[in-house]
Amino acid sequence: MSGSLQAAGNGGVGQEMYRLIVELYPICRSITGDGVRQTLDIVRQHIPLTTHEVPTGTRVFDWVVPREWNIRGAYIKDSKGRTIVDFDDSNLHALNYSIPVRETVSLEELKQHLFTSERHPEWVPYRTSYYREDWGFCMAHSRYLELEDGDYEVTIDSTLENGSMTLGELVVKGQRSEEILVSTHTCHPSLCNDNLSGIALCTFLAKQLAESRPRYTYRFLFIPGTIGSITWLALNEDKLANIRMGIVVTLVGDDGPFTYKKTRNGDTELDSAVLHALEHSGSGYDVRQFIPYGYDERQYSSPGINLQVGCLTRTPFGEFPQYHTSADNLDFVKADKLAEALVVYQRIFAILEGNRTYRNRNPKCEPQLGRRGLYDKIGGENERQLNQMAILWVLNYSDEKHSLLQIAQQSGLPFADIRFAADMLLRCDLLEEVV
Ligand SMILES: [Zn+2]
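Structure report, in brief. This structure is a prediction, so every number in the text was calculated from the model and none was measured. (Residues numbered from 1 in each chain as written. Predicted model: local features only at pLDDT ≥ 70, side-chain atom pairs only at ≥ 80, totals over all residues. Heavy atoms only, no water.)

Some remarks on the overall build of the chain
As a reminder, the rule being used: Secondary structure follows DSSP: runs of H or I at least 4 residues long count as helices, runs of E at least 2 residues long count as strands, and numbering of each begins at the N terminus. Think of it in three bands: with a 1.4 Å probe and only protein chains considered, a residue is buried below 20% of the maximum accessible area for its type, exposed above 50%, and partly exposed in between. In what follows, residue pairs with any heavy atoms lying within 4.5 Å of each other are defined as contacts. Here the accessible surface of atoms and residues is derived via Shrake-Rupley with a 1.4 Å probe, and residues count as covered only by protein chains that are part of the display. When charges are counted, Lys and Arg are positive and Asp and Glu negative, with His and the chain ends excluded. Charge positions are represented by NZ for Lys, CZ for Arg, CG for Asp and CD for Glu.
On a plain count of helices and strands, the chain comes out with 13 helices and 19 strands. Taking the principal axes of its C-alpha atoms as reference, the chain extends roughly 90 × 40 × 35 Å. The burial tally for the chain puts 57% of its 435 residues in the buried class. Long-range pairs, those at least 24 residues apart, make up 80% of the contacts in the chain with a sequence separation of at least 6. Carbon and sulfur atoms provide 46% of the accessible area of the chain, an area that totals close to 19000 Å². The averaged location of the 58 negative side-chain charges in the chain is 7 Å from the averaged location of its 44 positive side-chain charges.

Section: the sheet that holds strand β6 (residues 101-106)
Quick reminder of the rule: Two strands are said to pair when DSSP picks up at least two bridges between them. Axes here mean lines fitted to C-alpha atoms, for a helix over just the part in contact, with angles spanning 0 to 180 degrees between N-to-C directions.
Overall, antiparallel pairing links the 4 strands, which are arranged β5-β4-β9-β6 in an open sheet. Only two strands of the sheet have a single partner each, and these edge strands are β5 (83-86) and β6. Strand-to-strand twist in this sheet, taken as the mean axis angle between neighbours without regard to direction, amounts to 15°. When β6 meets strand β9 (residues 151-161), the two strands line up antiparallel, connected through 6 bridges. Residue pairing across strands places V101 opposite I156, the latter belonging to β9.

Side note on the pairing of strand β4 (residues 68-78)
Counting buried positions over the 11 residues of β4 gives 8, a clear majority of the element. With 3 bridges connecting them, β4 and β5 associate as antiparallel partners. Counted as the bridge partner of Y75 is D86 from β5. Hairpin connection of β4 to β5: 4 residues between the antiparallel strands, including G81 at a positive phi of 85°.

Concerning the coordination of the zinc ion
Note the cut-off: Sites may look incomplete because water is not among the atoms; the donors themselves are N, O and S atoms within 2.8 Å of the metal, or within 3.2 Å for Na, K and Ca.
Protein ligation of the zinc ion involves H188 (NE2), D194 (OD) and H324 (NE2), the donor distances falling in the range 2.0 to 2.1 Å. For H188, a relative accessible area of 8% puts it in the buried group. Note on D194: relative accessible area 0%, which makes it buried.

Here's the deal with the pattern of salt bridges
In plain terms, the rule: Just to be clear on terms, a salt bridge is a Lys or Arg side-chain nitrogen sitting within 4 Å of an Asp or Glu carboxyl oxygen.
Enumeration over the complete set of coordinates arrives at 25 salt bridges. One salt bridge in this structure joins D78 and R82, with 2.8 Å as the shortest N-O distance. Residue D78 is classed as buried on the basis of its relative accessible area of 11%. Judged by its relative accessible area of 44%, R82 is partly exposed. E432 serves as the salt-bridge partner of R359, at 2.8 Å between the closest nitrogen and oxygen. Residue R359 is found in strand β17 (residues 357-360), and its partner E432 is found in strand β19 (residues 431-433); the two are separated by 73 residues along the sequence.

Some words on a negative patch on the surface
Keep this limit in mind: For patches, a residue must show more than 30% relative accessible area and have no salt bridge; joins then use 9 Å for like charges and 5 Å for nonpolar side chains, namely Val, Leu, Ile, Met, Phe, Trp and Tyr.
Side chains of E103, E108, E109, E148 and D149 sit close together on the surface and give a patch of like negative charge. On the secondary structure map, E103 appears in strand β6.

A few points about the packing of helix α8 (residues 269-279) against helix α12 (residues 404-411)
Our working rule: Note on angle classes: values under 35 degrees are labelled roughly parallel, values over 145 roughly antiparallel, values of 65 to 115 roughly perpendicular, and the remainder oblique. Note on convention: near helix rotated counterclockwise from far helix by under a right angle means a left-handed crossing. Clockwise means right-handed.
Packing of α8 against α12 brings their axes to within 11 Å, and their N-to-C directions diverge by 45°. Considered as vectors, α8 and α12 are oriented oblique to each other. The way α8 lies across α12 gives a crossing that is left-handed. For the pair α8 and α12, contact is made by E269, S272, A273 and H276 and by L405, A408 and Q409, respectively.

A look at helix α3 (residues 34-43)
Taken across its 10 residues, α3 has 7 buried, putting it largely inside the fold. Of all the residues in α3, the buried ones are G35, V36, R37, T39, L40, I42 and V43.

These figures come from the coordinates and say nothing about function on their own.
The following block contains the structure:
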């Protein structure tokens, strides 16, 4: 079945993912605070997430869990009492992690606390100040240019107090204890592609994996970027030996081509599985080498942690104009694009689930396939037509050295055909697994 057909069949899920994004969109998230808790509560209506509260002041490697930030409102008013910006219109207006303020300031002073985007004068930029105490507002540059001399009343009704940081986690138990890590960030306020698309995809991916009795155990992390992954890693070092590979999910709802950022090693089973899924997806894609910048893959891939973690997005961060602005909104992400991304992720995991290495039990010349009903279309119980070439490839390369994924890559055939051929050969006792 082609990628586009499957994506169409997945259209209902795309709508469900989009509806989840609509529900989460208004919430003001940050690296700590009630916005994250509220977000995870909503996700919990779909999957049985566990949450961990890590107290302010907890040492996590070279970092410390910060004070908890919460905000109820923020506005700027001019001397005539007219509202210039209001948090109630968009939570992006408040500098994320802004300390509380209630003051009257001159325009000159106010301007030192305003953030705008000259390049996109109608959009509100997203800015944070997690580790430097400051207050501020973000606004459209066009509005900024209209500000007149005079005094302005600034109010940010926020708190920055001892509390905790909230991490969400779901373990989908597989037949094996070996794990695949799936990580997404939960720390951005009203931004759809950057953060909410990843949350939605992980939610529905986890739901479907949980229904499938997988071979691997899947550990989903819904965590704030950087400090969240550092904290999880610091508190769970004993679990790392079990993690075979991982993937960071975000930016999956725009209409750009898929972009895969490889693991630090660059040639792992995950890299091959992702590349194979993309090659056979029927859509364009781009591949990048690992760089120690980006999302949480850079923490998972730090030398002392050394997990093999890639990152699969559509358009990468910073490469679409809407990135970190109010234009990364509900119009920017599309249900069909979310559905298509979910299909690609499902295919990657189907490859990893099905990838094995076998030994041909009849290695001296080809076995007589016709006698075993393998030399024609398999009728009846199987709808999939047996690919003769796949049979020959699997027989020839099942020499204990090549996995099915390697055979798929070498043959240019889709993994699903190779896997199906191997199943047929197993049924005829022509293969045995190498463990
Ligand atoms: Zn971001």
